[in-house]
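# Summary of the model geometry
Spelled out, the chains give:
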Amino acid sequence: MPLKAIRSKADLAINGAPPAFKVPLHVGRPNIGDRATFLQKVNQILDNQWLTNNGPMVQEFEARVAEHLGVKHCVAMCNGTIALEIAICALGLEGEVIVPSWTFIATAHALYWQGITPVFADIDPATHNLDPNAVRRMITPRTTGIIGVHLWGRAAPIDELQAIADEHGLKLMFDAAHAFGSTYKSQSIGRFGSCEVLSFHATKAFNTMEGGAVVTNDDESAETMRLMRNFGFKGYDNVIHPGTNGKMIEVCAAMGLANLEALDNVIAINRRNHAAYTKAFAAIPGISVLTYDPTERNSYHYVVIEVHESCKTSRDQIVAALHAENILVRKYFWPGAHRMQPYRDLFPNAGLMLEHSRAVADRVVVLPNGASLAAGAIENIVAVCRVLGDVRL
Ligand code: T4K
């Protein structure tokens, strides 16, 4: 519960008042399902004495995820970044691959780590997803693929990107780290492009502590990725493919199985919070909440506000004021991958083609959400923005 009400600027911690919360409120607090279910599974793992290497819990997890998404194969991995790298390798991407700059840095790093040049294309400022026209502009003779990102759980423009890929003979895959359970034209994310990559990191709507997966309907690439995540082993003493160690461990799969049961409840809470934020911010000029298409499924995990130039206070002042209240909002994914290393030095002029990515990066704030969101958090966050924006009630 907050320790105070915020009615005027004098009530703000940046002006010397005590903070609203004693304990910091985080963006990305894990959603933890039923503890007893999880612990019972952990005991089962210990009894089995099978801790990793494609154990029964991972196999069950893969089957449940594949069923949940209506996709043929789920290849579980130790995290989303390794899953991206393995998918990139399995698809044979090389040279240049087009990605948004407006994403978590892992999307670009996964390519760079494989010796591939990430080429940043601009986004549609209304959706924060890749703009197909911008993608077209970045294609060169070295381009071999496109990685679309379903940012904030909203599907990228899949049909348009697929048409570009088909036209230019490019591979298309998706970074679906934010999009577990989301839909595109009412179909579950997971079946689009050559494959899609999920993250089950602790901070995601659905988590396995650490974890990720590649999901695909393609039998051959699924088989290759299964080999690649386990050093290329096919049976004992028989390595038939280059590989790495990308395996998910049994305890993570147990967490996933327990959390899958709780997911509907988490999404319902997220959706309610998102609606409450949207309603409250509607009364504050210059700040808007990014909304999601109500006809599509989304976990509503990310509550993204945009502080426009018309707002009486700046984005950074809002962030500083909320941090002073112990509400640790984030500027995800400021300043954009192209302004992070090594890309900033490698492509110092990349920003010239990224007008919307730069503008969005300068106005976004991601707010806390999730099953453990503290009571009074939404009211306090909105109150801070209201008094900073000089809004009279
Ligand atoms: N592609 C995209 C589009 C992604 O967003 C991500 C990951 C990936 C690929 C790669 O997937 P993974 O390899 O991660 O599976 C976090 C997460 O580490 C990262 O998974 C996520 N995206 C990204 C959006 O957010 P940071 O640097 O913000 O993490 P950190 O440590 O600051 O944690 C965020 C907040 O969450 C903290 O303030 C505290 C809270 N927290 C965190 C953890 C780990 C907890 O309360 N409990 C916890 O256990 O990157």
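Higher on the page you've got the structure.
This text gives an overview of the structure that appears in the document. Nothing here was measured: the structure is a model prediction, and the numbers come from that model.

## Description of helix α12 (residues 377–388)
Taking 1.5 Å as the rise per residue, α12 with 12 residues should run 16 Å; its terminal C-alpha atoms sit 17 Å apart, in good agreement. Judged by how many residues are buried, α12 sits mostly within the fold: 10 of 12 residues are covered. All of the buried residues in α12 are Ala377, Ile378, Asn380, Ile381, Val382, Ala383, Val384, Cys385, Val387 and Leu388. The inward-facing, buried residues of α12 abut β1 (25–26), α8 (250–281), β11 (287–289), α9 (315–324), β13 (327–328) and β14 (364–367). Count one or two residues on from α12 and you reach Asp390, which has phi positive near 60 degrees.

## Focus on helix α7 (residues 219–228)
Among all positions of α7, only Ser221, Ala222, Thr224, Met225, Leu227 and Met228 are buried. Those residues of α7 that are buried lie in contact with β2 (73–77), α3 (80–90) and β10 (212–216).

## Overview of the pattern of salt bridges
As enumerated under the stated definition, the model contains 11 salt bridges in all. For Arg226, the salt bridge goes to Glu62, with nearest N and O atoms at 3.2 Å. A residue pair is termed long-range when its members are at least 10 positions apart, and Arg226 in helix α7 and Glu62 in helix α2 (residues 56–69) qualify at 164 residues. Accessibility expressed as a relative area gives 7% for Glu62, which makes it buried. Three or more residues joined by partner-sharing salt bridges are found here, namely Glu62, Arg226 and Arg229.

## Details of the nonpolar core
In terms of nonpolar packing, the biggest core is built from 49 residues, with Phe61, Phe180 and Leu198 touching the most fellow members. In terms of residue count, the dominant contributor to this core is α8 (8 residues). Setting aside residues up to four positions removed in sequence, Phe61 forms contacts with Ala76, Phe200, Phe206, Thr208, Met248, Ala253, Gly256 and Leu257. Counting residues in hydrophobic clusters, the runner-up holds 33 residues, among them Ile318, Ile378, Leu388 and Val391.

## Some details on the layout of surface pockets
In this structure, the largest pocket spans a volume of roughly 520 Å³. Considering the residues around the largest pocket, the lining is formed by 30 residues, among which Phe104, Ser199, His201, Thr203 and Lys204 are closest to the centre. Looking at the lining of the largest pocket, the elements that each hand over two or more residues are α3, α4 (105–112) and β9 (196–199). Take the lining of the largest pocket: its biggest share by element is 3 residues, from α3. Partitioned by chemical class, the residues of the lining of the largest pocket number 13 nonpolar, 13 polar and 4 charged. As for the second largest pocket, its lining consists of 14 residues, and the residues nearest its centre are Asn53, Asn54, Asn230, Phe233 and Gly235. In the lining of the second largest pocket, the residues fall into 5 nonpolar, 4 polar and 5 charged.

## Digging into a nonpolar patch on the surface
A cluster of nonpolar side chains, Phe231, Phe233 and Val239, forms an exposed patch at the surface whose accessible area comes to about 250 Å². Assignment of secondary structure puts Val239 in the loop between α7 and α8. We classify Val239 as partly exposed; its relative accessible area is 48%.

## Focus on the site of the ligand
Around the ligand, the structure places 24 residues, and the nearest of them are Arg29, Thr81, Asp175, Lys204 and Tyr332. Between the ligand and Val27 there is a distance of 3.1 Å, counted from an oxygen atom to a backbone nitrogen or oxygen. In this structure, an oxygen atom belonging to the ligand sits 2.4 Å away from a side-chain N or O atom of Arg29. Computed on the free molecule, the ligand has an accessible area of 930 Å², of which 75% lies beneath the protein chains in the complex. Most atoms of the ligand, that is more than half of them, are within 2 Å of grid points of the largest pocket. Listed by contribution, the elements that provide at least two residues to the shell around the ligand are α3 and α4. Of the residues belonging to the shell around the ligand, the class tally is 8 nonpolar, 12 polar and 4 charged.

## With respect to the environment of Arg271
Along the chain, the position of Arg271 falls in helix α8. Taking the C-alpha atoms as reference points, Arg271 and Asn298, separated by 27 residues in sequence, lie 8.8 Å from one another.

## Regarding the packing of α8 against α12
One can describe the packing of α8 onto α12 by two numbers: an axis separation of 10 Å at closest approach and a directional angle of 25 degrees. Relative to α12, the element α8 is oriented roughly parallel. Considering only the axes of α8 and α12, their crossing is right-handed. Side by side, α8 and α12 meet where Asn273, Ala276, Tyr277, Ala280 and Phe281 of the first sit next to Ile378, Ile381, Val382 and Cys385 of the second. Its residues placed into classes, the contact of α8 with α12 shows 8 nonpolar, 1 polar and no charged.

## Overview of the packing of aromatic side chains
Inspection of the entire model under this criterion finds 17 aromatic pairs. With 5.6 Å between their ring centres and 80 degrees between their planes, Phe120 and Tyr343 make a pair best called edge-to-face. You can see Phe120 sitting in strand β4 (residues 117–121) and its partner Tyr343 sitting in helix α10 (residues 343–346), a full 223 residues away along the chain. The class for Tyr343 is buried, based on a relative accessible area of 0%. Ring geometry for Trp152 versus Tyr302: centroids 5.3 Å apart, planes at 55 degrees, classification tilted. Linking Trp152 in the loop between β5 (143–149) and α6 (158–168) with Tyr302 in the loop between β11 and β12 (303–307), this pair joins segments that are 150 residues apart in sequence. Per residue, the accessibility class of Trp152 equals that of Tyr302, and both read buried. Among the aromatic side chains, those forming a connected cluster through ring pairs are Trp102, Phe104, Trp152, Tyr302, Tyr332 and Phe333.

What counts and what doesn't
- Residues numbered from 1 in each chain as written.
- Predicted model: local features only at pLDDT ≥ 70, side-chain atom pairs only at ≥ 80, totals over all residues.
- Heavy atoms only, no water.
- Helix = DSSP H or I, 4+ residues; strand = E, 2+ residues; numbered from the N terminus.
- Expected span 1.5 Å × (residues − 1).
- Buried < 20%, exposed > 50% of the residue type's maximum accessible area, 1.4 Å probe, protein only.
- Contact = heavy atoms within 4.5 Å.
- Salt bridge = Lys/Arg side-chain N within 4 Å of Asp/Glu carboxyl O.
- Core = buried A, V, L, I, M, F, W, Y, C linked by side-chain atoms within 4.5 Å.
- 1 Å grid on protein atoms, 1.4 Å probe; cavity = no way out; pocket = protein on both sides within 12 Å on 5 of 7 lines; lining within 4 Å.
- Points joined across faces, edges and corners; volume = space filled by probe spheres on them.
- Nonpolar A, V, L, I, M, F, W, Y, C, P; charged D, E, K, R; others polar.
- Patch = residues over 30% accessible without salt bridge, like charges linked within 9 Å, V, L, I, M, F, W, Y side chains within 5 Å.
- Areas by Shrake-Rupley, 256 points an atom, 1.4 Å probe, with all protein chains shown as cover.
- Near = heavy atom within 4 Å.
- Polar contact = N/O pair within 3.5 Å; in protein donor to acceptor, adjacent residues only side chain to side chain.
- Sits in = over half its atoms within 2 Å of the grid points.
- Axes fitted to C-alpha atoms, helices over the stretch in contact; angles between N-to-C directions.
- Parallel < 35°, antiparallel > 145°, perpendicular 65-115°, else oblique.
- Left-handed = near helix turned anticlockwise from the far one by under 90°.
- Phe/Tyr/Trp six-rings, centres within 6.5 Å; stacked < 30°, edge-to-face > 60°.

None of this, on its own, says anything about what the molecule does.
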